[in-house]
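A structural walkthrough
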Amino acid sequence: MTKNTYMTSPLTSEKMPAGVPYILGNEMGERFSFYGTRCILVVFMTKFLLDRSGASAPMTDEDAKRWFHLFISAVYFMPLAGALISDLWLGKYRTILWFSVLYCFGFAALALDQTQVGLFLGIALVAVGSGMIKPCVSANVGDQFGHANKHLMAKVYSWFYFSINVGAFTAQFLVCPYLLEHPRFGPKWAFGVPAAVMALATLVFWLGRKKFVHIPASGAQFVRECFSRDAVLSLVRLAALYVFVAMFWALFDQMDSAWVLQAEKMNRTVLHWETAGGRVFEWTLLSSQIAAVNPLMILILIPTFSLGIYPAINKVFRLTALRKISIGLFVASGAFIVSGWIETRLAAGEQPSVAWLILAHAIIAAAEVMVSITCLEFSYTQAPKKMKSFIMAVFLLSVSLGNFFTAIVNTVIRNADGTSKLSGAGYFWFFSGMMIATAVVFIPVAMGYKVRNYIQDEEA
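So, a few notes on the structure that sits alongside this text. (Residues numbered from 1 in each chain as written. Predicted model: local features only at pLDDT ≥ 70, side-chain atom pairs only at ≥ 80, totals over all residues. Heavy atoms only, no water.)

**Some remarks on the nonpolar core**
Short version of the rule: In plain words, nonpolar cores are sets of buried Ala, Val, Leu, Ile, Met, Phe, Trp, Tyr and Cys residues tied together by side-chain atoms within 4.5 Å. Partly exposed residues are those whose accessible area sits between 20% and 50% of the maximum for their type, while under 20% is buried and over 50% is exposed, using a 1.4 Å probe and protein chains only. Residues count as neighbours in contact if any of their non-hydrogen atoms are within 4.5 Å of one another.
Counting residues in each nonpolar core, the largest one holds 140 residues, and the members touching the most others are F34, F71, L119, F160, F248, W259 and L357. Discounting residues that sit within four places of it in the chain, F34 has contacts with F71, I72, V75, Y76, Y103, F107, V126 and S130.

**Looking at the packing of aromatic side chains**
For clarity, the cut-off: Centres within 6.5 Å are what make two rings of Phe, Tyr or Trp a pair, Trp counting through its six-membered ring; a difference in plane orientation under 30 degrees is then read as stacked, over 60 as edge-to-face, and the rest as tilted. Labels follow the DSSP assignment, with helices taken as runs of H or I lasting at least four residues and strands as runs of E lasting at least two, numbered in each case from the N terminus.
In the structure shown here, the tally under the stated rule is 31 aromatic pairs. Both rings, one in Y22 and one in F212, keep their centres 6.5 Å apart while their planes meet at 90°; by these two values the pair is edge-to-face. With Y22 in helix 1 (residues 20–48) and F212 in the loop between helix 6 (187–207) and helix 7 (220–226), the pair connects residues that are 190 residues apart, well separated along the chain. On the accessibility criterion, Y22 (26% relative accessible area) is partly exposed. On the basis of relative accessible area, F212 is assigned to the buried category, the value being 1%. Cluster of aromatic residues (ring-pair linked, three or more members): W259, F336, F405, Y427, F428, F430 and F431.

**Quick notes on empty space enclosed by the protein**
Operational definition: Throughout, the protein atoms alone are placed on a 1 Å grid, and a set of points is a cavity if a 1.4 Å probe fits but cannot get out or a pocket if it is open with protein on both sides within 12 Å along at least five of seven lines; lining residues have an atom within 4 Å of a point. Grid points are joined across faces, edges and corners, and a volume is the space filled by probe spheres set on the points. Gly is put with the polar residues, along with every residue not named as nonpolar or charged; the nonpolar set is Ala, Val, Leu, Ile, Met, Phe, Trp, Tyr, Cys and Pro, and the charged set is Asp, Glu, Lys and Arg.
Summed over the entire model, instances satisfying the criterion amount to three cavities of 30 Å³ or more. Approximately 400 Å³ is the volume attributed to the largest cavity. Considering the residues around the largest cavity, the lining is formed by 28 residues, among which R31, Y35, Y76, K134 and I164 are closest to the centre. Among the elements of the structure, helix 1, helix 4 (116–143), helix 5 (153–181), helix 8 (229–252), helix 10 (293–314), helix 12 (355–382) and helix 13 (388–412) are those that each provide at least two residues to the lining of the largest cavity. Ranked by residue count, the leading element in the lining of the largest cavity is helix 5, at six residues. In the lining of the largest cavity, the residues fall into 16 nonpolar, five polar and seven charged.

**Observations regarding the packing of helix 5 against helix 6**
Basically, it comes down to this: Convention adopted: a line fitted to C-alpha atoms gives each axis, helices being fitted over their contacting stretch, and angles between N-to-C directions are expressed from 0 to 180 degrees. Roughly parallel here means an angle under 35 degrees, roughly antiparallel means over 145, roughly perpendicular means 65 to 115, and every remaining angle is called oblique.
Between helix 5 and helix 6, the least distance of the axes is 6 Å, while the angle of their chain directions is 155°. The angle between helix 5 and helix 6 falls in the class roughly antiparallel. Seen from helix 5, the contacting residues are V175, C176, L179 and L180; seen from helix 6, they are P187, W189, A190, V193 and P194. Its residues placed into classes, the contact of helix 5 with helix 6 shows nine nonpolar, no polar and no charged.

Below, the structure written as structure tokens:
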């Protein structure tokens, strides 16, 4: 297959680009695998990890949280390398395809070896594979659009996020936690199914190769553009915003660590029914299942915000992208206020209903719609044409920075005797306070930002 069989610029058309379904199908499968794995990692490390002899050798809660957030930090740091390789050498298509194969081997390592060797090899390969393709996948969405159909871009980015959350919900609620905890299946199946789905997602992406717009790697031109005045100004302006967004991710990603461990101590029975004959039916959620509330909420909230909340706010004042992000940062703090309250009830000897934690998930999901989806589209439009993947990588670095902050906090607060300097509710109050302070300082920074849009087939 020669390179000239691929489109290298968007068609002049007002219709939806033909490659979009393949991108969405690939993203849904990849997100199934990633989120299905990450939602069970802390439980796996604290309950199912083995030593070389095959005996149980679980980690402590503190070690599991630290390794989890270092893993997530690595996942979102690697996009810098992925963007450079894509823009300098391989292009987005080959970067996504080649590193997706490596990604599959990471899930396979987790499925085949439940010792620390398999764990660390597996999460290392997953971090590299997932991280390297991240900036390319989101930027590849925007590359499919030109001036004639750019009005459809916001809709497709919403669909893109919708597909992420369909995949995530299916894996987190219906598949991976059950496989991990079920005695007939266990870790081999819990990680093996994501491996198979990721392989299928890679195949779907390959099948769409003739439908995609393949923006060629820029090579030396990319280097020159990186040091151009426009590029430097764009990077500095966006990086200043992303530092504040990092605190959002410091809270958000704890849904798969601190919130999972908190759920272990809560009343997770959501259905209790006793028949006239005295038979009792109960449905109790697994602690790692509760994170599935997030993608479910996203599926509900995306159309709710797009069709209801945003138009209503626009009637009061003009709702720009930066104003959406600003509001979302304040909303995020509310999730950890709820978690802090839950912890006070647990400390008092009560066992509050998991419904309170579901409320916290709903709040952080609303913040995610305003912060994350908006940042994806805003980052693409603000990036110079040859730097789309690189700017996406800088945005994803905010996720890495937020998780690294959480890992450092969990390391610093640990006392020599194993106790914590931020025990109980104090841990959650700390993060909530940090989020509020960040949101307040973000306001004047956002007000000073100068917007400049860059679309693929438009003149600068």
